[in-house]
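Summary of the model geometry
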Amino acid sequence: MKTAVVTGAAKPESIGHEVAVRLQKEGMQVVVLDLYEEGFSSLPGCRCVKCDVSDPGEVGKAFDSIKQVDVLVNCVGGSWEITRDDLRAGPRRGFRGLTNCSLEDWNAIRGANLDSVFYCCRAAAPLLKKQGGAVVNVSSVAARKGIPPGAEGSSGPYAVAKAGVMGLTRQLALELGSAGVRVNCVAPGVIASGRLKKVQAITPQGAGPEGPLKQIPMGRVGTVAETAALIVALCSDDTSYLTGVTIDVNGASYAA
Amino acid sequence: MRLEGRKALVTGAASGIGAAVRKRLQADGAQVFATDIHQSGDLIVADLTDADHIEELAAKVGTPDFVINVAGGPVAPTRKNTLPDMPKGALVLEDIDELQWAAVIAANLTSAFLVCRQFAPRMKARKSGRIVNFASIAARRGSDRVGVHYAAAKGGIIALTKTLALELGPFGITVNAIAPGFIATPRIEQSGWGRSSPQAHRAFLEAIPLRRAGKPDDIAGVVAMLCSEAGGYVSGATIDVNGGLYFGP
């Protein structure tokens, strides 16, 4: 039986949640690493471990109890509800760019979106290399085009951290390729997750990170199901010759 | 099966990647119309550089859910010489005359344009569809082997893909490209590319992070992915399938 580790899967209507459910349906044992304990009961059959993946000590402890990893999906991320303190706080108001964010914001956002991927990949690598496997990281269209000043619900540090995730993906692809471990990435545009709904509830239409819908050629936001299906495909043999690649999933709003 | 009840058109389906794509989409349950420039099995014969041929093809196919434009290659076939030999060595700029330039652009780029122009209106009317074009690592990274005509044509495919993604997005149609790296198709194997000596072959494979050449099935899997739920919101993308040899932009 294959084992998958999915971070950031406990929140309802999140991409990670759907990935965990689908990998389980594929017959894998799924281990979830997340801080959001209230969501654990929504993942029956998964082994849920409370873990702040932006803390290398906690990641090390969590992986002490994991004996096998075939698949690692790093879904933890975002610009808010990412630390123990703000886990249930809702979206932060106002635009936070690089020039007006606090150093605390920078560290917390980089920690959740980039450092966490490094810690989890480093902890999982020896187990992945044993038999080969797949890593999928989640970047963002923000890494491609930045967050326009004025937009709420996302942040400048987030765009930078997510660009780092693309670079990390390439580097790890080189380091793990000879062991039969593929490392890929998806860069979602605007996806109708629980988090987007929270932003839409407090910002005027078009003022959220998604901008006006008419800027999306497909004329709609993406679904959690579509995005999760893509991530699961990147864990499967359908993509056996892909590594180091970022697939943009954004309704044609940005073609890299 | 996940593509049950769907209809696909696969061009360049006689061998290699096209044949693998055809087989895979059929295995996933789709009804596949397969075409190539030469007669082989039950293929529909069509010269895709000729708009009249494509109109005849469309009369047989109707409205496909998936159009997979695999047809192409570094050497352009003709209706008389449908399987021309691959070049033995690297093609340099001065080797390429205007006729070869025009033929390779036509076989790789004009063909995709004509097929899209023929089938997109039908997909638009139905407000759904997926188009998958074939670029190449030669366009992404450049190539010291295949010639500037092929690389330029495949670069054109990437631009055509992005532009059609914008144009057809409002109609619920996704348009993407796959850029294969070194795929060991029967024709490539025959040509001896990457196999000038055992040492050269080993060094060549060592340079690929996944340490192997690709197989046609590796590409077919990505096509199947783009035709499935996983491809629903992916559009305008060029997906590099090369074992990590080149990561794209």
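Nothing here was measured: the structure is a model prediction, and the numbers come from that model. (Residues numbered from 1 in each chain as written. Chains lettered and ligands numbered in written order. Predicted model: local features only at pLDDT ≥ 70, side-chain atom pairs only at ≥ 80, totals over all residues.)

Counting its regular elements, chain A contains seven helices and seven strands. Mapped in sequence order, the helices and strands of chain A form the string β-α-β-β-α-β-α-β-α-α-β-α-α-β. Against the compact-globule benchmark of 18 Å for 256 residues, chain A has a radius of gyration of 17 Å, which places it among compact chains. When its C-alpha atoms are laid out on the principal axes, chain A stretches across 50 × 35 × 30 Å. When each of the 256 residues of chain A is scored for burial, the buried share is 57%. (Helix = DSSP H or I, 4+ residues; strand = E, 2+ residues; numbered from the N terminus. Rg over C-alpha atoms; globule rule 2.2 N^0.38 Å. Buried ≥ 20, exposed ≤ 12 C-beta atoms within 10 Å, placed from the backbone.)

With that settled, consider the overall build of chain B. A count of helical and extended segments in chain B gives eight helices and seven strands. Over its C-alpha atoms chain B spans a radius of gyration of 17 Å, differing by no more than 12% from the 18 Å that the globule rule assigns to 249 residues. With the C-alpha coordinates aligned to their principal axes, the bounding extent of chain B is approximately 50 × 40 × 35 Å. Evaluated residue by residue, chain B yields a buried proportion of 53% over its 249 residues. Across chain B, contacts joining residues at least 24 apart in sequence account for 74% of those joining residues at least 6 apart. (Contact = placed C-beta atoms within 7 Å.)

Before going further, it helps to spend a moment on the interface of chain B and chain A. Of the residues lining the interface, 31 residues belong to chain B; the matching set on chain A comes to 31 residues. Mapped onto the side of chain B that touches chain A, the elements with two or more residues apiece are helix H5 (148–168), helix H8 (216–227) and strand E7 (238–241) of chain B. For the side of chain B that touches chain A, the element with the highest residue contribution is H8 of chain B, accounting for five residues.

Bringing the sheet that holds strand E4 (residues 66–69) of chain B into the picture now. What holds strands together in a sheet is hydrogen bonding between their backbones, with the strands either parallel or antiparallel. Residue and element names in this part refer to chain B. Spatially, the seven strands line up as an open sheet ordered E3-E2-E1-E4-E5-E6-E7, and their pairing is parallel. In the strand order of this sheet, the two ends are held by strand E3 (44–45) and E7, each with one partner. Here four bridges tie strand E1 (residues 7–11) to E4, and the two strands are oriented parallel to one another. In the sheet register, Val 10 faces E4, and the bridge partner there is Ile 68. Packing against the sheet, H8 makes contact with E4, strand E5 (129–134), strand E6 (173–180) and E7, and its axis sits at approximately 165° to E6. (Pairing = 2+ DSSP bridges. Axes fitted to C-alpha atoms, helices over the stretch in contact; angles between N-to-C directions.)

Right, let's talk about the sheet that holds strand E2 (residues 29–34) of chain A for a bit. Residues and elements named next belong to chain A. A sheet is described by the order of its strands in space; here seven strands give the open sequence E3-E2-E1-E4-E5-E6-E7, paired in parallel fashion. Each having just a single partner strand, strand E3 (47–50) and strand E7 (246–249) make up the two edges of the open sheet. Mean inter-strand twist for the sheet, computed between neighbouring axes without regard to direction, equals 15°. Together, strand E1 (3–7), E2, strand E4 (71–74) and strand E5 (133–138) form the strand contacts of helix H1 (residues 15–25), whose direction differs from that of E1 by roughly 170°. In this fold helix H3 (residues 103–131) packs onto E1, E4, E5 and strand E6 (181–188), with an angle of close to 170° to the strand it touches most, E4.

Below, the discussion takes up the nonpolar core. Of all hydrophobic cores here, the largest spans 169 residues; its most connected members are Val 6, Val 19 and Val 32 of chain A together with Ile 178 and Val 223 of chain B. Top contributing element to this core by residue count: H3 of chain A, with 11 residues. Not counting chain neighbours up to four residues away, the residues in contact with Val 6 of chain A comprise Gly 16, Val 19, Ala 20, Leu 23, Val 30, Val 32, Val 73 and Cys 75 of chain A. (Core = buried A, V, L, I, M, F, W, Y, C linked by C-beta atoms within 7 Å.)

Quick look at the environment of Gly 194 of chain A now. All names here are of chain A. For Gly 194, the position within the fold is in helix H6 (residues 194–202). Under the C-beta neighbour-count criterion, Gly 194 is labelled partly exposed, with 13 such atoms within 10 Å. C-alpha of Gly 194 to C-alpha of Pro 12: the two residues are 182 residues apart in sequence and 6.7 Å apart in space. Once residues within four sequence positions are removed from consideration, Gly 194 is found in contact with Lys 11, Pro 12, Glu 13 and Ser 14.

Time to look at the environment of Arg 130 of chain B. Residues and elements named next belong to chain B. Along the polypeptide, Arg 130 turns up in strand E5. Sequence separation between Arg 130 and Pro 64 is 66 residues; the distance between their C-alpha atoms is 8.9 Å. Not counting chain neighbours up to four residues away, the residues in contact with Arg 130 comprise Asp 65, Phe 66, Thr 174, Leu 226, Cys 227 and Gly 231.

Quick look at unusual backbone geometry now. Unlike most non-glycine residues, Glu 81 of chain A shows phi in positive territory, near 55°. Tracing the sequence through the fold places Glu 81 of chain A in the loop between E4 and H3.

Attention shifts here to the pairing of strand E2 (residues 31–36) of chain B. Residue and element names in this part refer to chain B. Burial of E2 is extensive: five of the six residues sit out of reach of the surface. You can see the chain leave E1, run along helix H1 (residues 16–27) and come back into E2, and the turn it takes is right-handed. Note: E2 against E3, two bridges, orientation parallel. The partner of Asp 36 across the bridge, within E3, is Val 45. (Right-handed = clockwise from strand over helix to strand, strands pointing away.)

To continue, consider the packing of helix H2 (residues 51–61) of chain B against helix H3 (residues 98–126) of chain B. All names here are of chain B. Where H2 contacts H3, the two axes come as close as 10 Å, and the packing angle between them is 40°. With respect to H3, the axis of H2 lies oblique. In terms of crossing hand, the pair formed by H2 and H3 is right-handed. For the pair H2 and H3, contact is made by Ala 51, Ile 54, Glu 55 and Ala 58 and by Leu 114, Val 115, Gln 118 and Phe 119, respectively. Here the residues of the contact of H2 with H3 are counted per class, giving six nonpolar, one polar and one charged. (Parallel < 35°, antiparallel > 145°, perpendicular 65-115°, else oblique. Left-handed = near helix turned anticlockwise from the far one by under 90°. Nonpolar A, V, L, I, M, F, W, Y, C, P; charged D, E, K, R; others polar.)

Counting all residues, the mean pLDDT for chain B is 95, and 100% of those residues have values of 70 or more. In the predicted assembly, ipTM is 0.95 and pTM is 0.96. (pLDDT = per-residue confidence, 0-100.)

The next subject is H6 of chain A. Count 3.6 residues to each turn of an α-helix, and residues three or four apart come out pointing the same way. Residues and elements named next belong to chain A. Those residues of H6 lying buried are Arg 195, Leu 196 and Val 199. Seen along its axis, H6 keeps its buried residues to an arc of 100°; they face one direction. Exposed residues on H6 whose side chains face more than 90 degrees from its buried face are Lys 197 and Ala 201. (Arc of directions from axis to C-beta.)

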